[in-house]
Amino acid sequence: MSKCKVIAVANQKGGVGKTTTTENVAIGLARNGKEVLIIDFDPQGDLTACLGWKNNDALENTVSTMLDDYINDKDIRYASLILKHEEDVDVIPANIELADFEMRLVSVINREQVLSSCLEPLRNRYDYILIDCPPSLGMLTVNALSAADQVLIPVQAQYLPAKGMTKLLQTINKVQRKINSNLTIAGVAITLADMKTNLAKSTIETIRDSFGRNIRVFDSVIPVATKAGEASISGKSIYSYAKDSKVASAYSLLTDELISSGKPKQRNDFER
Ligand SMILES: Nc1ncnc2c1ncn2[C@@H]1O[C@H](COP(=O)(O)OP(=O)(O)OP(=O)(O)O)[C@@H](O)[C@H]1O
Ligand SMILES: [Mg+2]
């Protein structure tokens, strides 16, 4: 078995912090000495832009090239796809060309598993591969979940997410049953929390009460912070843009929690 952990960052609700979380957790893992690959799997190409490739429509080789090569039985030229970010992470970028992916898959056998097949040869090169999903539960997200060992779910602390979560958990469950029995939920990361408001406090409490029994809800809560958006615009992680900020500490703690979640639990019950 490979040591690599593939993590899909998914939530079909838009603007909950998927891309920002993918970027900062990935670079957080790299800062912990891990070999990390980030895959932008959203035709909006936000992650690619946040990492500094603003003019991503001009990129010749993207995740879309990789999928096309696989679909057309060509050799995938990984070396020409992978970009290097200055903060020690590798990136497979995306742009609008990914938008008609579903159409291109129509006649493909095992179309839910195209991404998974493309990533197989990369698993022995990295400790972690993070996939930033688009805000939908369509074929892109299903491909990401099929390729993943774990799913990380960012949930914003600004409204009650119960309804959207049910649909997401149903999709995860379906993928687990039919395609990828290996998939587990890494946990829920609470994002965009404005702790000055009662709404944020009560939403966080509700999330912990309603999901916490079955799903891990990470202790680290990502606060609303203008610096988070500014860091993305600057093409840097929050650690190099504003290393002493609360939001940098929160992402650093979330990264630690994610790393330790992979370790075997202590079996104190044996000692009783
Ligand atoms: N902690 C934060 N504080 C303030 N703004 C944030 C924070 N995290 C993210 N943002 C901003 O909120 C917006 C949405 O964040 P992001 O793009 O990460 O969400 P997303 O879930 O990836 O969105 P989409 O569904 O469109 O892909 C962006 O403008 C981002 O810069
Ligand atoms: Mg996004």
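Conventions adopted
- Residues numbered from 1 in each chain as written.
- Chains lettered and ligands numbered in written order.
- Predicted model: local features only at pLDDT ≥ 70, side-chain atom pairs only at ≥ 80, totals over all residues.
- Near = placed C-beta within 6 Å.
- Helix = DSSP H or I, 4+ residues; strand = E, 2+ residues; numbered from the N terminus.
- Nonpolar A, V, L, I, M, F, W, Y, C, P; charged D, E, K, R; others polar.
- Contact = placed C-beta atoms within 7 Å.
- Core = buried A, V, L, I, M, F, W, Y, C linked by C-beta atoms within 7 Å.
- Buried ≥ 20, exposed ≤ 12 C-beta atoms within 10 Å, placed from the backbone.
- pLDDT = per-residue confidence, 0-100.
- Pairing = 2+ DSSP bridges.
- Axes fitted to C-alpha atoms, helices over the stretch in contact; angles between N-to-C directions.
- Right-handed = clockwise from strand over helix to strand, strands pointing away.

Asker: Tell me what's going on with the site of ligand 1, and back it up with residues and numbers.
Answerer: Taken together, 19 residues lie near ligand 1, and Lys18, Thr19, Thr20, Pro135 and Gly229 sit nearest. Within the residue set of the shell around ligand 1, elements represented by two or more residues are helix H1 (18–31), strand E7 (184–193) and helix H10 (226–234). Class assignment for the residues of the shell around ligand 1 results in eight nonpolar, eight polar and three charged.

Asker: If you had to explain the environment of Glu23 to someone new, which residues and values would you point to?
Answerer: Within the secondary structure, Glu23 is located in helix H1. Each C-alpha atom, one on Glu23 and one on Ile238, is 8.9 Å from the other, the two residues being 215 residues apart in sequence. Not counting residues within four places of it along the chain, the set of residues in contact with Glu23 comprises Leu47, Cys50, Leu51, Ser232 and Ser237.

Asker: Please set out the nonpolar core residue by residue, giving values where relevant.
Answerer: Leu130, Ile131 and Ala144 are the most contacted members of the largest nonpolar core, which totals 82 residues. Those residues in contact with Ala144 that lie beyond four places of it in its chain are Ala8, Ala10, Phe41, Leu115, Ile131 and Cys133.

Asker: Residues and numbers for the environment of Arg77, please.
Answerer: With respect to the helices and strands, the residue Arg77 is situated in the loop between helix H3 (63–71) and helix H4 (78–81). Take Arg77: there are 12 C-beta atoms within 10 Å of it, and that puts it in the exposed class.

Asker: Now, about the confidence of the model for the chain: what can you tell me, with residues and values included?
Answerer: Across the chain, the average pLDDT comes to 93, with 94% of residues at or above 70. In this model residues 265–272 is a low-confidence stretch, pLDDT under 50, and it forms zero contacts with partners more than four residues away in sequence or in other chains. Per the prediction output, this complex has pTM 0.95; the corresponding ipTM is 0.99.

Asker: Outline the sheet that holds strand E6 (residues 150–156), listing residues and values.
Answerer: Read across the open sheet, the eight strands follow the order E3-E4-E2-E5-E1-E6-E7-E8; overall the sheet is mixed. The open sheet has two edge strands, strand E3 (83–85) and strand E8 (217–223), and neither has a second partner. Across the sheet, the mean angle separating the axes of adjacent strands is 25 degrees when strand polarity is ignored. With three bridges connecting them, E3 and strand E4 (residues 89–92) associate as antiparallel partners. Along E4, the bridge assignment pairs His85 with Val89. Strands in contact with helix H7 (residues 139–147) are strand E1 (5–9), strand E5 (128–132) and E6; relative to E1, the strand with the most contacts, it is inclined by about 155 degrees. The strands that helix H9 (residues 198–211) touches are E6, E7 and E8; relative to E7, the one it contacts most, it runs at about 170 degrees.

Asker: Give me the lowdown on the pairing of E7, citing residues and values where you can.
Answerer: Most of E7 sits inside the fold, with eight of its ten residues counted as buried. Looking at chain direction, E6 and E7 are connected through seven bridges and run parallel. Paired with Ile153 across the strands is Val188, a residue of E7. Sheet analysis places E7 next to E8, joined by three bridges and oriented parallel. Bridge pairing in E8 places Ile190 opposite Val221. A crossover connection joins E7 to the parallel E8 through H9; in handedness this β-α-β unit is right-handed.

Asker: How would you sum up H3? Please name residues and give values.
Answerer: Listing the buried residues of H3 in full gives Val63, Ser64, Thr65, Met66 and Leu67. Contacts from the buried residues of H3 go to strand E2 (36–40), H4, E4, helix H5 (101–104) and helix H6 (114–119). Asp73 sits one or two positions beyond H3 and adopts a positive phi of about 55 degrees.

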